[in-house]
Amino acid sequence: MSTPASEVYRVAGEDRARNGLRWAATIAMGLLDAGRVAPSVNEVVIRRADGSVVKRLPAGSVEDFEQQLSEITDDLHYLDAVPFAEKWIAARE
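About the thresholds
Residues numbered from 1 in each chain as written. Predicted model: local features only at pLDDT ≥ 70, side-chain atom pairs only at ≥ 80, totals over all residues. Heavy atoms only, no water. Axes fitted to C-alpha atoms, helices over the stretch in contact; angles between N-to-C directions. Helix = DSSP H or I, 4+ residues; strand = E, 2+ residues; numbered from the N terminus. Parallel < 35°, antiparallel > 145°, perpendicular 65-115°, else oblique. Contact = heavy atoms within 4.5 Å. Nonpolar A, V, L, I, M, F, W, Y, C, P; charged D, E, K, R; others polar. pLDDT = per-residue confidence, 0-100. Pairing = 2+ DSSP bridges.

All right, on to the packing of helix H3 (residues 62–78) against helix H4 (residues 81–88) then. Close contact between H3 and H4 brings their axes to 9 Å; oriented N to C, the two are set at 160°. As far as their axial angle goes, H4 and H3 are roughly antiparallel. Contact with H3, carried on its side by Glu-71, Ile-72, Asp-75 and Leu-76, involves Phe-84, Lys-87 and Trp-88 of H4 and no other residues of that element. Residues that form the contact of H3 with H4 fall into these classes: four nonpolar, no polar and three charged.

It is worth spelling out the confidence of the model for the chain at this point. Of the residues in the chain, 67% have a pLDDT of 70 or more, and the chain-wide mean is 80. Per-element confidence in the chain ranges from a low mean pLDDT of 54 for helix H2 (residues 20–31) to a high of 96 for helix H1 (residues 5–8).

Read across the sheet, three strands follow the order S1-S2-S3 without closing on themselves; strand pairing throughout is antiparallel. Sheet topology places strand S1 (9–15) and strand S3 (53–58) at the edges, where each strand pairs with a single neighbour. On average, each strand axis in the sheet is tilted by 25° relative to the strand beside it, whichever way the strands run. As judged from the five bridges shared by strand S2 (residues 42–48) and S3, these two strands associate in the antiparallel manner. Along S3, the bridge assignment pairs Arg-47 with Val-53. Packing of H3 onto the sheet brings it into contact with S1, S2 and S3, and relative to S1 it is tilted by some 165°. Each of S1, S2 and S3 is contacted by H4, which is oriented at about 35° to S1, the strand it contacts most.

Take the environment of Pro-83 next. Along the chain, the position of Pro-83 falls in helix H4. Taking the C-alpha atoms as reference points, Pro-83 and Ala-5, separated by 78 residues in sequence, lie 8.4 Å from one another.

Shown next, in the form of C-alpha cells:
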C-alpha cells in the first residue's frame, strides 16, 4: 500500500532570503503593469511533515511561482509519496 504524498510532505510559498532588490523590482514592475513577469520574491519550499526542509525551488517570475506552487500543491494531493519525490525532489537535484 502506498503512502499519500500529503502525509509525508508539506508545500508552501516562502519569502526568499536577501530579496530587497527583488522586492524593489517587483514593485516597480507592478507600477508599470508588468507584475506577472516581475521577479518573484518567493520560492516554493517542500518540507517533510516534521518541518525539515527537503527542497527549495526558486521561481523566476511571479507567474512562474504561482504556476509552480499550484502544480506542486495539486501533485501533493493526488500523488503518492514516491512518485511525488521522484518528480519534485530527485529530478530537480
